[in-house]
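Examination of the molecular architecture
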Amino acid sequence: MNGAIPKEIKNNSTNNSSNGNGASAMMVRNINPGERITLLVDNVRFIIEKDLVTAHPNTMLGTMFSTGFQFVHPNERGEYEVADGISHTLFRAILDYYKTGLIKCPPTISVPELKEACDYLLIPFDATTVRCQNLRGLLHELSNEGARQQFELFLEEFILPVMVTAAQRGDRECHVVVLLDDDVVDWDEEFPPQMGEEYCQTIHSTTMHRFFKYIENRDVAKQVMKDRGLKKIRCGIEGYPTHKEKIRRRPGGRAEVIYSYVQRPFIHMSWEKEEAKSRHVDFQCVKSKSVTNLAEATADPPLELDASGNPIPPPPENVVAFRADADAGIDGGPVEDVVAADAGELEAAGGANEENA
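A brief look at the structure comes next. Keep in mind that what you see is a predicted model, and the values were worked out from it rather than measured.

1. A short note on the overall build of the protein chain
- If you tally the helices and strands in the protein chain, you get eleven helices and 13 strands.
- Looking at the protein chain residue by residue over its 357 residues, the buried ones come to 28%.
- The contacts in the protein chain between residues at least 6 apart in sequence include a share of 60% that link residues at least 24 apart.
- Total accessible area computed for the protein chain in this model is approximately 24,500 Å², and 51% of it derives from carbon and sulfur atoms.

2. Observations concerning helix α5 (residues 135-168)
- Taking 1.5 Å of rise per residue, the 34 residues of α5 would be expected to cover 50 Å, and the 47 Å separating its terminal C-alpha atoms lies within 8% of that figure.
- Sitting at the head of α5, asparagine 134 places a side-chain oxygen 3.4 Å from the backbone nitrogen of arginine 136.
- The first or second residue beyond α5 is glycine 170, which carries a positive phi of 95°.

3. So, the nonpolar core
- Among the nonpolar cores identified, the biggest contains 35 residues, and Leu39, Leu61, Phe65, Val82, Phe91 and Leu114 are the most heavily contacted of them.
- Taken together, the elements giving at least two residues each to this core come down to β3 (36-41), β4 (44-49), α2 (60-64), α3 (88-100) and α4 (111-120).
- At seven residues, the largest contribution of residues to this core is made by α3.
- Residues within four places of leucine 61 in sequence aside, it is in contact with Leu39, Val53, Val82, Phe91 and Tyr98.

4. Description of the sheet that holds strand β8 (residues 173-179)
- The strand order across the open sheet formed by four strands is β9-β8-β11-β10, and the pairing between neighbours is mixed. Of all the strands in the sheet, the pair left with one neighbour each is β9 (200-204) and β10 (231-249). Strand-to-strand, the axes of this sheet are offset by a mean angle of 40°, without reference to chain direction.
- Sheet topology places β8 next to strand β11 (residues 255-270); five bridges connect them, and they run antiparallel. Residue pairing in the sheet places glutamate 173 in a bridge with serine 270 of β11.

5. What to know about the sheet that holds strand β5 (residues 79-81)
- The strand order β4-β3-β5 describes an open sheet built from three strands, whose pairing is mixed. Of all strands in the sheet, those bounded by a partner on one side alone are β4 and β5. Geometrically, the sheet is characterised by an average inter-axis angle of 35° between neighbouring strands, direction not taken into account.
- Where β3 lies against β4, six bridges are found, and the strand directions are antiparallel. Residue arginine 36 lies in a different strand from β4, and its bridge partner there is glutamate 49.

6. Some details on unusual backbone geometry
- Here asparagine 43, not a glycine, exhibits a phi torsion of approximately 65°, which is positive.
- In this structure asparagine 43 comes out as exposed when scored by relative accessible area, which is 72%.
- Unusually for a residue other than glycine, alanine 83 sits at a positive phi of about 55°.
- Mapped onto the fold, alanine 83 is located in the loop between β5 and α3.

7. What about the environment of asparagine 75?
- Position of asparagine 75 among the secondary structure elements: in the loop between α2 and β5.
- With near-sequence residues (within four places) excluded, asparagine 75 lies in contact with Leu40 and Glu81.

8. Structural notes on the pairing of β10
- Pairing between β10 and β11: 15 bridges, direction antiparallel. Bridge pairing in β11 places cysteine 235 opposite isoleucine 267.
- Linking two consecutive strands that pair antiparallel, namely β10 and β11, is a turn of five residues; a positive phi of about 100° is found at glycine 252 within it.

9. Remarks on the packing of aromatic side chains
- Counted according to the given criterion, the structure contains nine aromatic pairs.
- When the ring of phenylalanine 151 is compared with that of phenylalanine 211, the centres are 6.2 Å apart and the planes differ by 15°; the resulting orientation is stacked. Of this pair, phenylalanine 151 sits in helix α5 while phenylalanine 211 sits in helix α6 (residues 206-211), and the two are 60 residues apart along the sequence.
- On the basis of an interplanar angle of 75° and a centroid distance of 5.5 Å, the ring pair of phenylalanine 154 and phenylalanine 211 is categorised as edge-to-face. With phenylalanine 154 in helix α5 and phenylalanine 211 in helix α6, this residue pair connects regions lying 57 residues apart in the sequence. There is no split in this pair, since phenylalanine 154 and phenylalanine 211 are both buried.
- Members of the aromatic cluster, joined through ring pairs, are Phe151, Phe154, Phe158, Phe211 and Phe212.
- A cation over a ring is seen here: lysine 115 above phenylalanine 125, with NZ or CZ 5.9 Å from the ring centre.

Each value, and the rule that gives it
Residues numbered from 1 in each chain as written. Predicted model: local features only at pLDDT ≥ 70, side-chain atom pairs only at ≥ 80, totals over all residues. Heavy atoms only, no water. Helix = DSSP H or I, 4+ residues; strand = E, 2+ residues; numbered from the N terminus. Buried < 20%, exposed > 50% of the residue type's maximum accessible area, 1.4 Å probe, protein only. Contact = heavy atoms within 4.5 Å. Areas by Shrake-Rupley, 256 points an atom, 1.4 Å probe, with all protein chains shown as cover. Expected span 1.5 Å × (residues − 1). Polar contact = N/O pair within 3.5 Å; in protein donor to acceptor, adjacent residues only side chain to side chain. Core = buried A, V, L, I, M, F, W, Y, C linked by side-chain atoms within 4.5 Å. Pairing = 2+ DSSP bridges. Axes fitted to C-alpha atoms, helices over the stretch in contact; angles between N-to-C directions. Phe/Tyr/Trp six-rings, centres within 6.5 Å; stacked < 30°, edge-to-face > 60°. Lys NZ or Arg CZ within 6 Å of the ring centre and 35° of its normal.

Everything listed here is a matter of coordinates, which is why it stays silent on function.
Structure (structure tokens):
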């Protein structure tokens, strides 16, 4: 109960009756209330009986002040600073749970905010402990909690065995399509459908199919799988081929198979750790003649000598050097020698090539 600590009431020297000897009878009545604690939340002090808190040992406050536990220490004024980040208005409403077992959500507090505070303080958040004017918000939070618990069951009972089977084959990702219990899949062995997913598996469960019908449930499922360490998670609804309808012949005799598709939910997840390192392309490289050494770049160019040992002068400026190394740059073929030609000869050769083209 909130409020100031009541003073001890004493009734002294109260003469209610006299005995036969004329002696006065004095009744002294002492009220000793239970121990109280002062909680400091959002710079507001709340005084509550300790017994009310310890009567709910599964909550955070009940654990903090139970006998044998000392998780928090009072400040210099003997106050306990708790519920960091929770407003005093919200905490006042939550304290009603310890007195009446029921929390009435204030109009100024959103339902998700109340749910987050209850989770932090380990207070049950359900239809028996919370009353709220916003029924849509309350039912939405209850559905989220129910969906989380339901998908945990689906994950352990249906999805995990399929993932384990894929992992035993050496795969590191899995694509699961959820079919109805009465869905029949009849593929032509000679003309199977062209599936886009290489790791596709199926699960027959009408209950799970109904669960994934809601986008909110798919969001909850993705969060649960993310919390369990999976990644590259995708949930949605896609077309899945069930049986062959007909075969149509294309020009040239090529057969085109038409399948009947149904819209079914799917889940895709991965447990690959080094995906960035396992997918790469090796390119054949041509040895570069560019100078990468700074000392070599600043040094004098080497002199070329003829058979007599005399230096060979550099070519004139109007001579152009080029390499016919197109094939080498593409498929690693041999690099042709460098051919030197006069600029005019190059233009003539270019014009001749255009006329031949």
